Structure formats: C-alpha cells, structure tokens
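So the chains spell out like this:
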Amino acid sequence: MLKIYLSFFSGCRAEENVRQSTEDVMVVEGHPTTLTCQFDTADLSPNLFWYKQQTNSNPIFMLRRDMFSSGETTTEFKERFDARLNVTAKSVPLTIQRLQLSDSAVYYCALKVQGEIHCKSKCQDTISPLDDPEVAAV
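Everything numeric here is computed off the predicted structure, so don't read it as measured data.

A word on unusual backbone geometry
And then number 1: The phi dihedral of Lys-90 is positive, around 50°, even though this residue is not glycine.
And then number 2: Of note, Arg-98 is a non-glycine position whose phi angle comes to about 45°, a positive value.

This is the structure in structure tokens:
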C-alpha cells in the first residue's frame, strides 16, 4: 500500500490561489488514485502544472495543462500520469494509474498566470508504503 502526501503553491494575490488536500492519501499498490488541485484566478488562460519531489531531491516537472492545447507531459510520466484541466470547475486533478512504490513523493500543483508562478505556502501530500495491504483510504 502507498501513502500520498500532497503539496501546494498558493497565490500571492487574492484572486490567484491553488488548493490541494492536506490529508494523507493511502492507496493499494497497483491501484489508481487521483490527487485534487483546485484553483482561483481572474486570468482567462491559466497554465496549471504538476511537479513530483522525492526525498532529498528537487521537484521534477511532470506536466502542464492549459485551455488552448493538450499541454505537455514529460516522457517518464506519459504512460501512467494524466491531468485534465476543467476551467469551469477550476480544477486540474492528477490521476496516477497502477500506483508503484517509486511513486512515493510529494506532489505539487502550481498555477502560472500572465508569466508569473504564484506561490505562498506549502502543505504535504505524499505516497509512502503502508503496513496493512487490506486497507485503502483516500
């Protein structure tokens, strides 16, 4: 079983904000999971990003989504990771298929508006192995 900790960047201006769950996410290895990311912005064409940070490493860019294209996803994340930007719901959830132990990390959602990436505070949501393989909670 894996445990997921989410992290987030929050906007510095009142109209720019990113929110992620601060609760641990526990998922059975091999199963899918979805990490939430909601945002507020006055920008009509926001760019949303997901990053992965493993222990003692820098964050790694995973993917970018915007409303005018399919965005981009780095090669190592194309097979099992996906995010769909929903401008109406103001969300860009990250779905991880067939969760693996190597997915243990802190995941960051970020909002880029008019050339600026907004960040203020940080919470955690990480994937870690759990002892009881019979329990799965999100």
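Here's the deal with the sheet that holds strand E10 (residues 94–96)
And then number 1: Taken in spatial order, the 3 strands of this open sheet run E4-E10-E9, and their pairing is antiparallel. Of all strands in the sheet, those bounded by a partner on one side alone are strand E4 (33–35) and strand E9 (81–83). Across the sheet, the mean angle separating the axes of adjacent strands is 25° when strand polarity is ignored.

Section: the packing of aromatic side chains
And then number 1: Counting across every chain of the model gives 4 aromatic pairs.
And then number 2: Ring centres of Phe-49 and Tyr-51 lie 6.3 Å apart, and the angle between their planes is 25°; this geometry places the pair in the stacked category.
And then number 3: Clustering of aromatic rings is evident, with ring pairs tying together Phe-49, Tyr-51 and Phe-61.

Topic: the pairing of strand E6 (residues 47–53)
The side chains of a regular strand alternate between the sheet's two faces.
And then number 1: In terms of burial, E6 is largely enclosed, as 7 of its 7 residues are buried.
And then number 2: Residues Asn-47, Phe-49, Tyr-51 and Gln-53 line one face of E6 and the alternating positions Leu-48, Trp-50 and Lys-52 line the opposite face, and both faces are buried.
And then number 3: Bridging between E6 and strand E11 (residues 106–113) involves 7 bridges; their strand directions are antiparallel. Within E11, the residue paired with Asn-47 across the bridge is Lys-112.
And then number 4: Alignment of E6 against strand E7 (residues 60–65), held across 5 bridges, turns out to be antiparallel. Looking at the pairing, Tyr-51 lines up with Phe-61 of E7.
And then number 5: In this structure, the hairpin formed by E6 and E7 is closed by a connection of 6 residues, where Asn-56 is found at a positive phi of approximately 60°.

How each quantity is defined
- Just so you know, the residues in each chain are numbered from 1, in the order the chain's sequence is written.
- Per-residue local features of the predicted model are confined to residues with pLDDT of at least 70, and side-chain atom pairs are confined, for both listing and counting, to 80 or more; whole-chain, interface and lining totals are unaffected and use all residues.
- To obtain the side-chain values, all non-hydrogen atoms of the structure were included, while hydrogens and water were left out.
- In short, DSSP must find at least two bridges between two strands for them to pair.
- Each helix is a run of H or I in the DSSP string that is no shorter than four residues. Each strand is a run of E no shorter than two, and both are numbered from the N terminus.
- Interaxial angles span 0 to 180 degrees and are taken between N-to-C directions of axes, which are lines fitted to C-alpha atoms, for helices over the stretch in contact.
- Between 30 and 60 degrees the pair is tilted, below 30 it is stacked and above 60 it is edge-to-face, where a pair is any two Phe, Tyr or Trp rings, Trp via its six-membered ring, whose centres lie within 6.5 Å.
- Remark: exposure states derive from per-residue accessible area (1.4 Å probe, protein chains only) relative to the maximum for the residue type, with buried under 20%, exposed over 50%, and partly exposed in between.

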